[in-house]
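These are the residues of each chain, in order.
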Amino acid sequence: MLMGCATFADALHPRRFADLCEAAKSYSPSNRKALGVFVRVAIALYQTMAITHGFSGNDKFKSLMDESLQLHTTEWKHRVGHRAQLELECANFNKVDILPLSRDVVKISAHMESEILKRIAEYDAGKGDTMETKKTLGCKCTLYNKRRGGEFMTSTKEEVQTALELVGTARHALADFDSALSPIERHLSTVMTLITVKGKQGKAAKVLLESNDLKLLNFLINDESCKNDVFLFQSRQKYPFRSDVMLREMAEFLCLEKPEAIR
């Protein structure tokens, strides 16, 4: 609670908006979560202002909340969010990125290929293990799509089905960015399948899949044991599996030399 405010509604008064921003800035987590913290605070404050506005029977107070909402929309990002973004960029500046050892990469690749073939054989025999298939395919997609693997893991079954239906259509053509691809990327685009799912902030997230990955993906979508699941990679707790947890478990299982580099 801000100093001098008897109630939370007092703290939301437009004349206290500057104090509210300073109070938010006084909490500055020194890690990569700084930006996320301020985004969540911004959402919570906006919702609180909107709820307070909706439940108030006083026209004058509603007018004040309208002013606070307008200030939040136009000023918060500049006063607080911009600072959080700068802190995040400074924290990452010249930060050493640990690269995985080539021996670990070879070991992982061999293991993943073996596991994918094993899961396909199980489904062909009518004995598919749903949870193990989710973990296997989830790890594979996360490893080979570093920037988008986590977003694919949180996709709903409906989103993935829609993405698969678009493969090969005009909306899915690669020609629009073919000129920007390197020779190896151009080759990969001919032997792998690219699907587009909904990523962060509603932006498109493109995920590359090998032919066996695609086959296992279709088995998983049509698996009767998870027909009521919302998410494609849904755990028994009704939430998507966390890609970082699965990668850590796999690295520990394989006894890699530098497991912390697998993320």
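All values derive from a computational prediction rather than experimental measurement. (Residues numbered from 1 in each chain as written. Predicted model: local features only at pLDDT ≥ 70, side-chain atom pairs only at ≥ 80, totals over all residues. Heavy atoms only, no water.)

Enquirer: Explain the pattern of salt bridges to me, please; I cannot follow it from the model alone.
Expert: Two side chains bearing opposite charge may form a pair once their charged atoms approach each other closely. Scanning all chains against the criterion turns up nine salt bridges. Notably, a salt bridge pairs Asp 213 with Lys 140, separated by 3.0 Å at the nearest N-O pair. With a gap of 73 residues between them, Asp 213 in helix H10 (residues 211-221) and Lys 140 in helix H6 (residues 130-144) connect regions that are remote in the sequence. Summarising the burial analysis for this pair, Asp 213 and Lys 140 share the class buried. Lys 227 is paired through a salt bridge with Glu 224; the nearest N and O atoms lie 3.8 Å apart. Taken individually, Lys 227 and Glu 224 each receive the classification exposed, so the pair is uniform in this respect. Several salt bridges converge on common partners, so that one network encompasses Glu 115, Arg 119, Glu 122 and Glu 132. (Salt bridge = Lys/Arg side-chain N within 4 Å of Asp/Glu carboxyl O. Helix = DSSP H or I, 4+ residues; strand = E, 2+ residues; numbered from the N terminus. Buried < 20%, exposed > 50% of the residue type's maximum accessible area, 1.4 Å probe, protein only.)

Enquirer: What should I look at first to understand unusual backbone geometry in this one?
Expert: Trans is the common state for peptide bonds, and a negative phi is the common state for residues other than glycine. One non-glycine residue, Lys 238, lies in the positive phi region at around 75 degrees. Secondary-structure assignment places Lys 238 in the loop between H10 and helix H11 (243-254). Note on Lys 238: relative accessible area 56%, which makes it exposed. Residue Cys 255 is not a glycine yet carries a positive backbone phi of 55 degrees. Tracing the sequence through the fold places Cys 255 in the segment after H11. When its relative accessible area of 59% is taken as the criterion, Cys 255 is described as exposed.

Enquirer: Would you mind showing me how to read the packing of H6 against H10 here?
Expert: A packed helix pair is summarised by two numbers, namely the angle formed by the two axes and the spacing between the axes. Where H6 meets H10, the closest approach of the two axes is 11 Å, and the angle between their N-to-C directions is 145 degrees. In this structure, H6 crosses over H10, and the sense of that crossing is left-handed. For the pair formed by H6 and H10, the contact residues are Thr 130, Thr 133, Lys 134, Leu 137 and Lys 140 on the first element and Asp 213, Leu 216, Leu 217 and Leu 220 on the second. (Axes fitted to C-alpha atoms, helices over the stretch in contact; angles between N-to-C directions. Left-handed = near helix turned anticlockwise from the far one by under 90°. Contact = heavy atoms within 4.5 Å.)

Enquirer: Would you explain the nonpolar core in this entry?
Expert: Across soluble globular proteins, nonpolar side chains show a tendency to be buried alongside one another. Counting residues in each nonpolar core, the largest one holds 33 residues, and the members touching the most others are Leu 137, Phe 152, Ile 195, Leu 217, Leu 232 and Met 250. Elements represented by at least two residues in this core include exactly helix H5 (102-124), H6, helix H7 (149-153), helix H8 (157-166), strand S1 (193-198), strand S2 (204-209), H10 and H11. Counting residues in each nonpolar core, the second largest holds twelve residues, with Phe 17, Leu 20, Leu 45 and Leu 69 among its members. (Core = buried A, V, L, I, M, F, W, Y, C linked by side-chain atoms within 4.5 Å.)

Enquirer: Is there a simple way to explain the packing of aromatic side chains in this structure?
Expert: For any pair of aromatic rings, the description consists of the separation of the ring centres together with the inter-plane angle of the planes. Evaluation of the coordinates by the stated rule reveals two aromatic pairs. Ring geometry for Tyr 123 and Phe 219: centres 5.1 Å apart, planes at 5 degrees, overall stacked. Here Tyr 123 is found in helix H5, whereas its partner Phe 219 is found in helix H10, with 96 residues between them in sequence. Given the relative accessible area of 13%, Tyr 123 is considered buried. Judged by its relative accessible area of 23%, Phe 219 falls in the partly exposed class. With centroids separated by 5.5 Å and ring planes inclined at 70 degrees, the aromatic side chains of Phe 152 and Phe 233 adopt a geometry described as edge-to-face. With a gap of 81 residues between them, Phe 152 in helix H7 and Phe 233 in the loop between H10 and H11 connect regions that are remote in the sequence. We classify Phe 233 as buried; its relative accessible area is 0%. (Phe/Tyr/Trp six-rings, centres within 6.5 Å; stacked < 30°, edge-to-face > 60°.)

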